[in-house]
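The residues making up each chain are set out below.
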There are 2 protein chains.
Amino acid sequence: MADTVVTVRDIAARVGVSVTTVSNVLNGRPNVGRETRAAVLRAARELGYRPNRAAQAMRTGRTRALGLVLPDLTNPFFPELAQAVEHTARRAGLLVCLIDSQGTVEGEADGFALLMQHAVDGIIWCPLGPRQPRHLREFRGPIVLVDRPRPGYDVVQSDYAMGGRLLADHALAMGHGVVGLLSGPEQIESARQRRDGFTGAHPRALRVAWEVHVGFDGVLTPAAVDALTHRRGATLIVCGNDLIAISAIRCLTGLGVAVPGEVSVTGFDNIRWTDLVTPRLTTIAQPLGPIGAKAVEVMRERMSGAPHVGRRTLFDVALVERDSVRRLARRERRSVRGPGRARLHRETT
Amino acid sequence: MADTVVTVRDIAARVGVSVTTVSNVLNGRPNVGRETRAAVLRAARELGYRPNRAAQAMRTGRTRALGLVLPDLTNPFFPELAQAVEHTARRAGLLVCLIDSQGTVEGEADGFALLMQHAVDGIIWCPLGPRQPRHLREFRGPIVLVDRPRPGYDVVQSDYAMGGRLLADHALAMGHGVVGLLSGPEQIESARQRRDGFTGAHPRALRVAWEVHVGFDGVLTPAAVDALTHRRGATLIVCGNDLIAISAIRCLTGLGVAVPGEVSVTGFDNIRWTDLVTPRLTTIAQPLGPIGAKAVEVMRERMSGAPHVGRRTLFDVALVERDSVRRLARRERRSVRGPGRARLHRETT
DNA sequence: GCTGTGTAGTGTAACGTTTCACTACCGGGA
DNA sequence: TCCCGGTAGTGAAACGTTACACTACACAGC
């Protein structure tokens, strides 16, 4: 009601008790009588009391704020995650402080520094790479990783090995025997998990003709374009994520190669735009919302004293079958067993 | 170096001055000798001093944190904006606290409440609608709007009237005379600006056959589907944003209507995915990065005492011409002057 | 009657920073 | 000599909250 700020002292004065008692009530501590408790609560409501977080933070050392450090909000993978994290955190009364490193290690380091100055209670982090950001060790407080594991940290992510397996099963079922890999960055663990899940599933039936690494932002390197141009026997291009797959499809069609007519493509993530592209992309769907929510949950456990055990929480993924993988006819299947390059070259011209 | 936290007191003790002097040095205040200043700075660096933001906040009432309240991170419009805001804010030493209301007024209200508890220094806000969120008035501190104006607030946005005009010019140049409008929400000012810019540009040459309002998330209502089915003479569908346009194209092709063969479509925003869809979308590009950066800049001016003047900062936009608008032949142009419905019906079957 | 235990509540010292009011000293002008 | 103004620096009181160490009282058991 008043324009001035209401403090515990005001409540204490109005009810006629000490500030300690007010504090005890407000924090749900025992040793307060029923009626006193009710009176304090009522006074707080009537006066429009809002706890001063800064003062609380200074006294307790806890800010009730979380850091969320992401590589790139421009990749549609992350907004969905961020949305879930923010929503779940807010329901728990936690504020989310966002850092978007824009893919640079300096951005990541600066972000951490800022979060530490503000003494966030914990950090939910999707690491850029294996390099340890400056000053990170100085952060006292729980860190929970999302999507990308790192030795010694808790992580919440999709079961990428499962995703890779699903993709491999599908490839086989559609008659593909030789594939090319347009994997995500080599130094990102989750990119390796996707790849290894795929290659490990049917090591004999599925031959990897080549592998090229590109960024998760889908920008194709010259090496990638070259691989897409020659393909060396691959009838299916397995991409590290949807952005890469979409770029690959555009590159291929630009090259005059029909997708999936001449070569099939798969993605990973099932971002919103995968059924926009032509052909609609066959990919792996992962539950981004639940992953974000779970990350906050794990964080809350850690914040309330649960010991750090380096646990890994995995979510099931699912194959989303659309139009970018063609079922190979019997004679086509045979042809891929040959020496590859020469035959293929002929086929694609 | 030490595991324990370093305070101004520690610096004072080491240098042999009072904490006041240390504080004065650290805050660049006068009345400190050259050498003393240097000594304090050195000690601070050597001890690894980091100011305790909570204590500062309590004393000064300023947190050096900003709120960013957005309707929906899932709409690719916003991540780009958020990225720019966060980046610019961080360069100025400001932390960005994210609220994603997920399109609900309760979410928005809860978000504001949380930000106010944490006493952010200012709020950058893209309002959901004209309704005033609960408790908003109680927020003391600057509010800067992005993208969507509101009477009495500073706003940074694209020149949507210009965008509408550009679209109208283009429609005319391509020979379209009768259009249908799939506008954004009626209660959102920026949606109206886009529409009015279009309709006001060539009121005589361009006839609006119908207008249907849908959400910016691109989910088509039955009324919208109906309008797309019959079209009543419109040869061009002008959509409130790209998400709507993409949905419209999908709906139309699902209906067996060729785009742009039978009907043309335009979008607005030029999100990353507009040249993914078939046909590639003709749309209006707006400088999201600069808008976000400017919003932070305006906020900083306001934070450092600049008076509130309800100023509106407009950014130029540009037409991005792609494949979703067909150039009408002369006889086609004539045909749209007729009674419309009946003729059109025949054309589309 | 004494001790022990539990409940209800109080007083006050922190937390780390900024800021107000003040002192000490020096050099210059009258 | 005295006074004045400026520079360099100090001490201590806040800011709003929590938490520790207390007190006061009632009631039960022996």
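All residue numbers refer to position in the chain's written sequence, counted from 1. Each chain takes a letter, starting from A, and each ligand takes a number, starting from 1, following the order in which they are written. Thresholds applied to this predicted model are a pLDDT of at least 70 for local features of residues and 80 or more for the giving and counting of side-chain atom pairs; totals over whole chains, interfaces and linings are not thresholded and use all residues. Calculation of side-chain values draws on the structure's entire complement of heavy atoms; hydrogens and water are dropped beforehand.

Here we look at the protein's contact with DNA strand D
Near is defined per residue: the residue qualifies when any heavy atom it owns lies within 4 Å of the molecule or strand. Taken together, 26 residues lie near DNA strand D, and A:Val8, A:Tyr49, A:Arg59, B:Thr20 and B:Gly33 sit nearest. At the protein interface, 53% of the atoms of DNA strand D within 4 Å belong to sugar or phosphate. We call two N or O atoms a polar contact when they sit within 3.5 Å, provided that within protein one can donate a hydrogen and the other can accept it, with sequence-adjacent residues counted only if both atoms are side-chain atoms. Contact between DNA strand D and B:Ser18: a phosphate oxygen at 2.8 Å from a main-chain N or O atom of the residue. Here a base oxygen of DNA strand D sits 2.7 Å away from a polar atom, N or O, in the side chain of B:Thr20. When residues of the surface near DNA strand D are traced back to their parent elements, those giving at least two are α1 (8-15), α2 (19-26) and α4 (53-60) of chain A together with α2 (19-26) and α4 (53-60) of chain B. The helix count covers DSSP runs of H or I at least four residues long, the strand count covers runs of E at least two residues long, and both are numbered beginning at the N terminus. At five residues, the largest contribution of residues to the surface near DNA strand D is made by α4(A). Residues are sorted three ways: Asp, Glu, Lys and Arg are charged, Ala, Val, Leu, Ile, Met, Phe, Trp, Tyr, Cys and Pro are nonpolar, and all the rest, Gly among them, are polar. Broken down by class, the residue content of the surface near DNA strand D amounts to nine nonpolar, 13 polar and four charged.

A look at the nonpolar core
The term nonpolar core refers to a set of buried residues drawn from Ala, Val, Leu, Ile, Met, Phe, Trp, Tyr and Cys, joined through side-chain atoms within 4.5 Å. Between buried and exposed lies partly exposed: a residue is buried under 20% and exposed over 50% of the maximum accessible area for its type, with that area taken using a 1.4 Å probe on protein chains only. Ranked by internal contacts, the top residues of the largest apolar core, which has 84 residues, are A:Ile124, A:Phe198, B:Ile124 and B:Phe198. With near-sequence residues (within four places) excluded, B:Phe198 lies in contact with B:Gly164, B:Arg165, B:Leu167, B:Ala168, B:Ala171, B:Val179, B:Leu181, B:Leu206 and B:Val238. Formed by 65 residues, the second largest nonpolar core is a distinct cluster that contains A:Ile249, B:Leu252, B:Leu276 and B:Val277. The criterion used for residue contact is that any of the two residues' heavy atoms lie within 4.5 Å.

Focus on the relation of the copies chain A and chain B
Copies overlap after least-squares fitting; the atoms used are the C-alpha atoms of residues with pLDDT of at least 70 in both. When chain A is brought onto chain B, the operation consists of a screw motion whose angular component is 180° and whose axial shift is 0.0 Å, with 0.1 Å RMSD remaining. When the rotation and shift are considered jointly, the pair of chain copies conforms to a two-fold rotation axis. Relative to the rotation axis, the C-alpha of A:Cys97 is the closest in chain A, positioned 2.1 Å from it.

Quick word on empty space enclosed by the protein
Method remark: on a 1 Å grid restricted to protein atoms, a set of points is classed as a cavity if a 1.4 Å probe fits but cannot get out and as a pocket if it is open with protein on both sides within 12 Å along at least five of seven lines; lining residues have an atom within 4 Å of a point. Grid points are joined across faces, edges and corners, and a volume is the space filled by probe spheres set on the points. Scanning all chains against the criterion turns up five cavities of 30 Å³ or more. The space that makes up the largest cavity amounts to roughly 270 Å³. Together, 21 residues line the largest cavity, and A:Thr63, A:His118, B:Thr63, B:Ala65 and B:His118 are the ones closest to its centre. Contributions of two or more residues to the lining of the largest cavity are made by α4 and β2 (95-100) of chain A together with α4 and β2 (95-100) of chain B. Grouping the amino acids of the lining of the largest cavity by side-chain chemistry returns 13 nonpolar, six polar and two charged.

What to know about the sheet that holds strand β9 (residues 264-266) of chain B
The strands that make up a sheet are held in pairs by hydrogen bonds between backbone atoms, and each pair lies either parallel or antiparallel. Residues and elements named next belong to chain B. When DSSP finds two or more bridges between a pair of strands, those strands are recorded as paired. The strand order across the open sheet formed by four strands is β7-β6-β8-β9, and the pairing between neighbours is parallel. Looking at the sheet topology across the chains shown, the edges are occupied by β7 (207-213) and β9. Neighbour-to-neighbour, the strand axes of this sheet turn through a mean angle of 20°, independent of strand direction. For strand β6 (residues 178-183) and strand β8 (residues 236-239), the ladder comprises four bridges, and the chain directions are parallel. Following the sheet pairing, Val 179 is matched in β8 by Leu 236. Comment: axis = line fitted to C-alpha atoms, over the contacting stretch for helices; angle = value between 0 and 180 degrees taken between N-to-C directions. Those strands touched by helix α9 (residues 222-230) are β6, β7 and β8, and its axis lies near 150° from that of β7. Helix α10 (residues 242-254) rests against β6, β8 and β9 of the sheet, and its axis sits at about 160° to β9.

Digging into the pairing of strand β5 (residues 154-158) of chain B
Residue and element names in this part refer to chain B. Among the five residues of β5, five are classified as buried, and the element is accordingly described as predominantly covered. Of the strand pairs in this sheet, β5 and strand β11 (residues 312-315) are connected by four bridges, and their pairing is parallel. By the bridge assignment for β11, Gln 157 is matched with Leu 314.

Section: the pairing of β6(B)
All names here are of chain B. Among the six residues in β6, six count as buried, and that is most of the element. Residues Val 178, Gly 180 and Leu 182 of β6 are buried on one face, and the alternating residues Val 179, Leu 181 and Ser 183, pointing to the opposite face, are buried as well. Here is how to tell: hold the view so the strands point away, follow the path from the first strand over the helix to the second, and if it runs clockwise the crossover is right-handed. Read from β6 through helix α8 (residues 189-201) to β7, the crossover connection turns out right-handed.

Regarding the packing of aromatic side chains
Here the aromatic set is Phe, Tyr and Trp, taking the six-membered ring for Trp, and pairing holds for ring centres within 6.5 Å; pairs whose planes are under 30 degrees apart are stacked, those over 60 apart are edge-to-face, and all others are tilted. In this structure the tally under the stated criterion is nine aromatic pairs over all chains. Each ring, one from B:Tyr160 and one from B:Phe268, has its centre 5.5 Å from the other, and the planes form 75°; the classification is edge-to-face. Placement of B:Tyr160 in helix α7 (residues 160-173) and of B:Phe268 in the loop between β9 and β10 (283-285) is noted, with a sequence separation of 108 residues between them. Each member of the pair, B:Tyr160 as well as B:Phe268, carries the same accessibility label: buried. An aromatic cluster is built from A:Phe112, A:Trp125 and A:Tyr153, whose rings are joined through pairwise contacts.

Points about the interface of chain A and chain B
Bring the parts together and some accessible area is lost; that lost area is often taken as the interface size. Across the contact, 53 residues belong to chain A and 53 residues belong to chain B. By definition here, a salt bridge exists when the distance from a side-chain nitrogen of Lys or Arg to a carboxyl oxygen of Asp or Glu is within 4 Å. Taken together, the connections running from chain A to chain B amount to four salt bridges. Put simply, A:Arg250 and B:Asp275 hold a salt bridge, and the shortest N to O gap is 3.5 Å. Taken together, the links from chain A to chain B amount to 23 residue pairs in polar contact (both at pLDDT 80 or more). If you list the elements that add at least two residues to the side of chain A that touches chain B, you get α4, α5 (77-91), β2, α6 (105-117) and α10 (242-254) of chain A.

With respect to the domain arrangement of chain A
All names here are of chain A. Note: domain ranges come from an automatic or database domain assignment. According to the domain assignment, chain A consists of domain 1 (65-158 + 288-314) and domain 2 (160-286 + 318-346). Relative to domain 2, the C-alpha centre of domain 1 lies at a distance of 30 Å. Each partner contributes to the interface: domain 1 provides 13 residues, whereas domain 2 provides 14 residues. Summed over the three residues of domain 1 that lose the most area to domain 2, namely Pro 76, Arg 148 and Ser 158, the buried surface amounts to 36% of that side. The tally of links from domain 1 across to domain 2 stands at zero salt bridges. At the boundary of domain 1 and domain 2, one finds five residue pairs in polar contact (both at pLDDT 80 or more). Across the side of domain 1 that touches domain 2, the residue classes tally to seven nonpolar, three polar and three charged. By convention, the term buried area covers the 1.4 Å-probe accessible surface removed from two parts as they join, with the contributions of both added.

Considering the packing of helix α1 (residues 8-15) of chain B against α2(B)
All names here are of chain B. It is at 8 Å that the axes of α1 and α2 come closest, and there the two elements cross at 110°. As the angle between them shows, α1 and α2 are arranged roughly perpendicular. On the side of α1, the interface is formed by Val 8, Arg 9, Ile 11 and Ala 12, while α2 contributes Val 19, Val 22 and Leu 26. Angles below 35 degrees are treated as roughly parallel, those above 145 as roughly antiparallel, those between 65 and 115 as roughly perpendicular, and all remaining angles as oblique.

Overview of the environment of A:Leu81
Along the polypeptide, A:Leu81 turns up in helix α5. With a relative accessible area of 2%, A:Leu81 lands in the buried category.

Examining the sheet that holds strand β1 (residues 65-70) of chain A
The strand order β11(A)-β5(A)-β4(A)-β3(A)-β1(A)-β2(A)-β2(B)-β1(B)-β3(B)-β4(B)-β5(B)-β11(B) describes an open sheet built from twelve strands, whose pairing is mixed. Every interior strand has two partners, whereas the edge strands, β11 (312-315) of chain A together with β11 of chain B, have only one. For this sheet, the mean inter-axis angle between neighbouring strands, taken without regard to orientation, is 20°. Note that strand β4 (residues 143-146) of chain B and β5(B) share three bridges and pair parallel. The residue bridging B:Leu145 from the neighbouring strand is B:Val155, located in β5(B). Here α5(A) sits on the sheet and contacts β1, β2, β3 (122-125) and β4 (143-146) of chain A together with β2 of chain B; the angle it forms with β2(B), its principal contact strand, is near 85°. In the packing of helix α11 (residues 288-303) of chain B onto the sheet, the strands contacted are β1 (65-70), β3 (122-125), β4, β5 and β11 of chain B, and the crossing angle to β5(B) comes to about 165°.

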